[in-house]
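Understanding the architecture of this molecule
Listed below are the residues making up each chain.
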Amino acid sequence: MQVLLYIIHFLVSLGMIVVILFQSEVGEGLGFIGGGETTFYKAKRKMEKGLKQATVVLAVLFMVTSVLIFVLH
């Protein structure tokens, strides 16, 4: 059980790293996609919203697995 929990915790932490690295800096928005053109504005907003939601979900999963590891250890 603990080994499975450690594996899940590791995968969630890797997912968080990837999702956070794909998020935009303040004011830039996903400018590296499409060269910053305004024609991709709606697609970028959807992607940014999805990345934000994924970050929240992964952060909650990370906290839950951290607490479970602490309690079971």
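Residues numbered from 1 in each chain as written. Predicted model: local features only at pLDDT ≥ 70, side-chain atom pairs only at ≥ 80, totals over all residues. Heavy atoms only, no water.

1. Focus on the overall build of the protein
Within the protein, the secondary structure is distributed over two helices and zero strands. For the protein, long-range pairs separated by at least 24 residues make up 73% of all intrachain contacts whose partners lie at least 6 apart in sequence. Working note: accessible area of the protein is about 5900 Å², and carbon and sulfur atoms make up 73% of it. (Helix = DSSP H or I, 4+ residues; strand = E, 2+ residues; numbered from the N terminus. Contact = heavy atoms within 4.5 Å. Areas by Shrake-Rupley, 256 points an atom, 1.4 Å probe, with all protein chains shown as cover.)

2. Describing helix H1 (residues 2-22)
Taking 1.5 Å of rise per residue, the 21 residues of H1 would be expected to cover 30 Å, and the 30 Å separating its terminal C-alpha atoms lies within 8% of that figure. Among the residues making up H1, those that are buried are Leu5, His9, Val12, Met16 and Val19. Each buried residue of H1 sits inside an arc of 95 degrees when the element is viewed along its axis, so together they form one side. Opposite the buried face of H1, by more than 90 degrees, sit the exposed residues Val3, Phe10, Leu11 and Leu21. (Expected span 1.5 Å × (residues − 1). Buried < 20%, exposed > 50% of the residue type's maximum accessible area, 1.4 Å probe, protein only. Arc of directions from axis to C-beta.)

3. What to know about a nonpolar patch on the surface
On the surface, Met1, Val56, Val60, Met63, Val64, Val67, Leu68, Phe70, Val71 and Leu72 cluster together into a nonpolar patch covering about 1000 Å² of accessible area. Looking at where methionine 63 falls in the secondary structure, it is placed in helix H2 (residues 41-72). (Patch = residues over 30% accessible without salt bridge, like charges linked within 9 Å, V, L, I, M, F, W, Y side chains within 5 Å. Salt bridge = Lys/Arg side-chain N within 4 Å of Asp/Glu carboxyl O.)

4. Quick look at the side chain of histidine 9
Within the secondary structure, histidine 9 sits in helix H1. Within polar-contact distance, the side chain of histidine 9 engages the side chain of threonine 65 at 2.6 Å. In this structure histidine 9 touches Phe62, Thr65, Ser66 and Ile69, once residues within four positions along its chain are discounted. (Polar contact = N/O pair within 3.5 Å; in protein donor to acceptor, adjacent residues only side chain to side chain.)

5. A few points about the side chain of threonine 55
Relative to the helices and strands, threonine 55 is located in helix H2. With near-sequence residues (within four places) excluded, threonine 55 lies in contact with Val19, Ile20 and Gln23.

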